[in-house]
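Working through the structure, step by step
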Amino acid sequence: FFNTIAPRWDDLKKEILGSFDINRAISLDLSPVSVAVDLGCGTGELMGFLMEKARHVIGVDSSQKMLDEARKRFVDANGAADLRLGELEHLPMKDGEADLAVISLALHHLSKPEDAVREAFRILKPGGRLVVAEFAQHADETLRKHYGDRWLGLSKEEVTDWLAGCGFALEGVTPHSLLRSLVLHIYIAEKPLFHTL
């Protein structure tokens, strides 16, 4: 699906998000870091924002065509952008490789979203932060038909349970109202400096 629609993906997202700038909302309050990773980076739009906060930005996506689109965006990035083909449930990254991880509108495309949250925990350094931007549960079936959604959003309880179950400490959840009566939640969580699972 994503290989087919890759060239049109940014326009398709605007049909749902309207004038809401999800990338700005995600990156607004982020502190500067050394390494940030966009998990499910798509065409790399968010990576451009993360480059304002990080010295090195990694983008991971399971669609080669999406990564091809992202590569066009970062031709002149002088090595600051690193694009990797891989599944969010089995990331092509080392343990503790990143200071910041973002999963933006990707969990609802996965068969087991919790596995991606667990992998995000693994690749973050202790004290690292995870930002998850995800639709709240809804009943708009057109998103399944036209955008490849596997889940019609995810409840706040599900996401917060996954975060806690994987070892994250939740810092906060901010709701944003979108078109079609959709609500987007932005979750911010931290991998504790010391943790026991």
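Everything quoted here is computed from the prediction, not taken from an experiment. (Residues numbered from 1 in each chain as written. Predicted model: local features only at pLDDT ≥ 70, side-chain atom pairs only at ≥ 80, totals over all residues. Heavy atoms only, no water.)

Observations concerning the overall build of the protein
- Within the protein, the secondary structure is distributed over eight helices and seven strands.
- Against the compact-globule benchmark of 16 Å for 197 residues, the protein has a radius of gyration of 16 Å, which places it among compact chains.
- Looking at the protein residue by residue over its 197 residues, the buried ones come to 51%.
- Residue pairs in contact within the protein that sit at least 24 positions apart in sequence constitute 67% of those at least 6 positions apart.
- When the accessible area of the protein is evaluated, it comes to approximately 9,400 Å², of which 51% is carbon and sulfur surface.
- Computed over 23 positive and 30 negative side-chain charges, the inter-centroid distance for the protein is 2 Å. (Helix = DSSP H or I, 4+ residues; strand = E, 2+ residues; numbered from the N terminus. Rg over C-alpha atoms; globule rule 2.2 N^0.38 Å. Buried < 20%, exposed > 50% of the residue type's maximum accessible area, 1.4 Å probe, protein only. Contact = heavy atoms within 4.5 Å. Areas by Shrake-Rupley, 256 points an atom, 1.4 Å probe, with all protein chains shown as cover. Lys, Arg positive; Asp, Glu negative; His and termini not counted. Charge placed at Lys NZ, Arg CZ, Asp CG, Glu CD.)

What to know about the nonpolar core
- Residues Ile26, Leu50, Leu100, Phe135 and Leu184 are the most contacted members of the largest nonpolar core, which totals 31 residues.
- Setting aside anything within four residues of it in sequence, one finds Leu184 in contact with Phe20, Ile22, Leu105, Ala133, Glu134, Phe135, Thr174, Pro175, His176 and Leu178. (Core = buried A, V, L, I, M, F, W, Y, C linked by side-chain atoms within 4.5 Å.)

Section: helix α6 (residues 113-123)
- Considered for burial, the residues of α6 that qualify are Pro113, Ala116, Val117, Glu119, Ala120, Phe121 and Ile123.
- Those residues of α6 hidden inside the fold are in contact with β1 (33-39), β4 (98-104), β5 (124-135) and α8 (156-165).

Considerations on the packing of aromatic side chains
- Per the counting criterion, the structure on display carries one aromatic pair.
- A centroid spacing of 5.1 Å and a plane angle of 85° characterise the contact between Phe121 and Phe168, whose relative ring orientation is edge-to-face. Of this pair, Phe121 sits in helix α6 while Phe168 sits in the loop between α8 and β6 (169-177); the two residues are 47 residues apart in sequence, bridging distant segments of the chain. Phe168 carries the same exposure label as Phe121, and that label is buried.
- The ring of Phe121 is capped by Lys191, whose NZ or CZ atom sits 4.6 Å from the centre of that ring. (Phe/Tyr/Trp six-rings, centres within 6.5 Å; stacked < 30°, edge-to-face > 60°. Lys NZ or Arg CZ within 6 Å of the ring centre and 35° of its normal.)

So, the sheet that holds β5
- Read from one edge to the other, the open sheet built from seven strands follows the order β3-β2-β1-β4-β5-β7-β6, with strand pairing classed as mixed. Only two strands of the sheet have a single neighbouring strand rather than two, namely β3 (81-85) and β6. Each strand axis lies, on average, 15° off the axis of its neighbour in the sheet, ignoring direction.
- Strand contacts of α6: β1, β4 and β5, with the helix running at about 150° to β5, the strand carrying the most contacts.
- Running at roughly 15° to strand β7 (residues 183-190), α8 makes contact with β5, β6 and β7 of the sheet. (Pairing = 2+ DSSP bridges. Axes fitted to C-alpha atoms, helices over the stretch in contact; angles between N-to-C directions.)

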